[in-house]
Amino acid sequence: MTQTNLKTLLSDPELLNPRAYIGGDWADASGGGTFEVKNPARGDVIATVADLGRDDVARGIDAAYEAQKSWAKRTAEDRGAVLMKWHDLMVEHADDLATILTAEQGKPKAEAKGEIMYGAGFIKWFAEEARRVYGEIIPGHAPDKRIHVIRQPVGVAAAITPWNFPNAMITRKAGPALAAGCAFVVRPPSLTPLSALALGVLADRAGMPKGILSILPSTDSSGIGKEFCENEKVRKLTFTGSTEVGRILLRQSADQVMKTSMELGGNAPFLVFDDADLDKAVEGAIACKFRNAGQTCVCANRIYVQSGVYDEFARKLKDRVAQMSVGDALEGDVDLGPLIDQDAVEKVEAHIADATAKGADIIYGGSRHEKGGTFFQPTVLTGATQDMAFATEETFGPLAPLFRFETEDEGIQLANDTIFGLASYFYAKDYSRITRVSEALEYGIVGVNTGLISTPVAPFGGVKQSGLGREGSSHGIDEYLEMKYICLNV
Ligand SMILES: NC(=O)C1=CN([C@@H]2O[C@H](COP(=O)(O)OP(=O)(O)OC[C@H]3O[C@@H](n4cnc5c(N)ncnc54)[C@H](OP(=O)(O)O)[C@@H]3O)[C@@H](O)[C@H]2O)C=CC1
Ligand SMILES: O=C(O)[C@H](O)CS(=O)(=O)O
């Protein structure tokens with residue numbers, strides 16, 4: 001097994017920090033616990049990180065509660081200036097941050113660098129949005145009444161994030177929370193905590209006031225989740241991850257009637273109509289399906305192709321997938337890195353076995369990659385049908401099942417046949433069709449003639465069981481604000 005000496009790969013080795021960031025201080029777990037972080041491409045241990053208990057996390061929440069009021073009293077411009085400094089440091093250290101991200105998560109370096117810039121984009125966007133938290137003056141309901149409406153920070157915001165975007169899923173929450181005047185505590189995923197801790201190093205250097213930010217690694221995901229939901233000093237919970245865990249957190253946070261944001265699972269349809277530009281549709285499918293080896297909640301999970309272009313699209317897609325390289329992104333440029341763990345590999349295998357047992361054909365890939373470990377071949381299936389597992393379950397891997405449909409109405413009906421509603425995509429040229437289909441798809445996000453929709457400037461989020469609330473855009477800061485109506489008797 002190749003050993004990853006991560007510090008030697010960094011220009012600034014201080015960014016690899018295994019200690020917890022509690023209330024602005026670097027600390028070990030009070031119980032002395034630690035856990036190992038592995039490189040999914042090689043299976044070797046790249047760091048041993050502080051494993052916090054609920055008592056340590058409670059200290060971070062206490063520090064946040066104490067520091068938040070003075071942070072909120074600072075001007076929006078002042079808070080924005082600290083965030084912009086943090087952004088600038090992320091950009092300055094983007095290569096190192098990308099190396100750390102690839103080492104712990106496995107994605108190709110180009111994608112990791114893209115995530116770092118995407119993540120920094122949220123900090124910049126909300127540094128600017130801080131000064132646009134406007135209020136209202138409403139004409140009074142009586143001659144002696146004046147109505148003022150102001151928007152104030154919720155208080156302490158707690159975040160739980162997933163392993164597939166270890167940088168951007170934190171900044172997508174920390175940016176608006178801190179810009180609004182909240183304090184922010186986050187438990188990063190136990191598989192990929194290093195990117196989060198590196199953000200803590202840079203926050204320190206940016207002059208983030210003590211207590212305002214805590215990064216709290218722990219393998220006790222359930223216990224820390226309960227602390228976030230039960231601690232009365234926490235007034236906001238924001239979560240990105242599976243719908244299954246989102247349901248647990250919603251139940252737990254209900255006791256405190258906590259303000260929540262939920263970015264949950266998806267099952268994205270990708271429709272190709274007979275008037276589509278097939279070459280562009282193939283490129284869109286490649287970008288959408290195989291980004292992060294298919295491990296994103298906005299990846300195409302079901303590809304529906306209208307009958308008249310089905311065979312040509314399948315051939316083109318197969319030929320394009322055959323050009324994709326698979327490998328260890330720390331050793332060179334690759335198109336696909338490893339899956340995060342063996343469970344992920346087994347889920348892809350189960351979906352392929354289920355589909356072929358029900359009549360699907362493998363036209364490319366279909367098996368673990370010869371590199372072993374958690375590497376998997378990019379895979380294309382034809383003959384997919386709605387009774388197959390991936391029609392209702394998210395594969396979260398490099399598997400592209402092609403379904404056939406006849407009419408526009410049938411395509412829309414099949415695309416909407418899911419409890420999820422996060423992202424959807426379609427390729428067509430006819431303007432009327434584009435309008436009809438965009439309006440008919442029951443999703444929070446619709447990509448038209450594009451397979452990539454992620455940007456800080458747009459409202460990202462799902463409907464149905466894909467979540468609650470929006471992240472990014474001017475709407476994203478609303479999740480961290482409370483509206484107050486002041487009735488003045490004059
Ligand atoms: N809508 C969106 O934007 C996104 C959705 N997802 C969805 O998440 C799934 C894949 O990501 P994955 O990380 O496996 O999702 P999980 O929901 O399993 O984990 C997400 C985070 O929640 C933590 N967690 C797990 N169980 C609990 C619990 N009982 N209480 C509190 N926290 C808990 C995990 O901790 P630990 O580290 O210990 O596992 C991790 O940090 C897919 O379904 C994908 O669609 C993923 C990313 C973005
Ligand atoms: O921002 C994105 O591209 C998605 O949020 C990625 S994921 O973490 O939601 O899957």
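Residues numbered from 1 in each chain as written. Chains lettered and ligands numbered in written order. Predicted model: local features only at pLDDT ≥ 70, side-chain atom pairs only at ≥ 80, totals over all residues. Heavy atoms only, no water.

Per an unreviewed UniProt entry, the chain is named Succinate-semialdehyde dehydrogenase [NADP(+)] GabD, and its organism is Palleronia abyssalis. Per its UniProt entry, the chain bears the Sequence similarities (unreviewed entry) comment "Belongs to the aldehyde dehydrogenase family." (UniProt positions renumbered as here; feature names shortened; annotations may be inferred.)

A few words now on the pairing of strand β7 (residues 156-160). Among the 5 residues that make up β7, 5 are buried, leaving the element largely enclosed by the rest of the structure. Taking every second residue as pointing to the same face, both faces of β7 are buried, with Val156, Ala158 and Ile160 on one and Ala157 and Ala159 on the other. Taken together, β7, helix α5 (residues 168-180) and strand β8 (residues 183-187) form a β-α-β motif whose crossover is right-handed. Bridging between β7 and strand β10 (residues 234-240) involves 5 bridges; their strand directions are parallel. Considered in β10, the bridge of Ala158 is made with Leu237. (Buried < 20%, exposed > 50% of the residue type's maximum accessible area, 1.4 Å probe, protein only. Helix = DSSP H or I, 4+ residues; strand = E, 2+ residues; numbered from the N terminus. Right-handed = clockwise from strand over helix to strand, strands pointing away. Pairing = 2+ DSSP bridges.)

Positive phi values are uncommon outside glycine, yet Asn449 reaches one of about 55°. Within the fold, Asn449 resides in the loop between β18 (445-448) and β19 (467-468). Judged by relative accessible area, Asn449 falls into the partly exposed class, the value being 36%. In this structure, Ser473 takes a positive phi of about 65° despite not being glycine. Tracing the chain through its elements places Ser473 in the loop between β19 and β20 (481-489).

Around ligand 1, the surrounding shell holds 27 residues, and the nearest of these are Thr161, Ser190, Ser242, Leu264 and Glu394. The separation between an oxygen atom of ligand 1 and a polar main-chain atom of Thr161 is 2.8 Å. Backbone polar atom of Gly241 to a nitrogen atom of ligand 1: 3.4 Å apart, as the coordinates give it. Protein chains shield 84% of the accessible area of ligand 1, which is 890 Å² for the free molecule. The cavity that encloses ligand 1 is the largest pocket. When residues of the shell around ligand 1 are traced back to their parent elements, those giving at least two are α7 (221-230), β10 and α8 (243-254). (Near = heavy atom within 4 Å. Polar contact = N/O pair within 3.5 Å; in protein donor to acceptor, adjacent residues only side chain to side chain. Areas by Shrake-Rupley, 256 points an atom, 1.4 Å probe, with all protein chains shown as cover. 1 Å grid on protein atoms, 1.4 Å probe; cavity = no way out; pocket = protein on both sides within 12 Å on 5 of 7 lines; lining within 4 Å. Sits in = over half its atoms within 2 Å of the grid points.)

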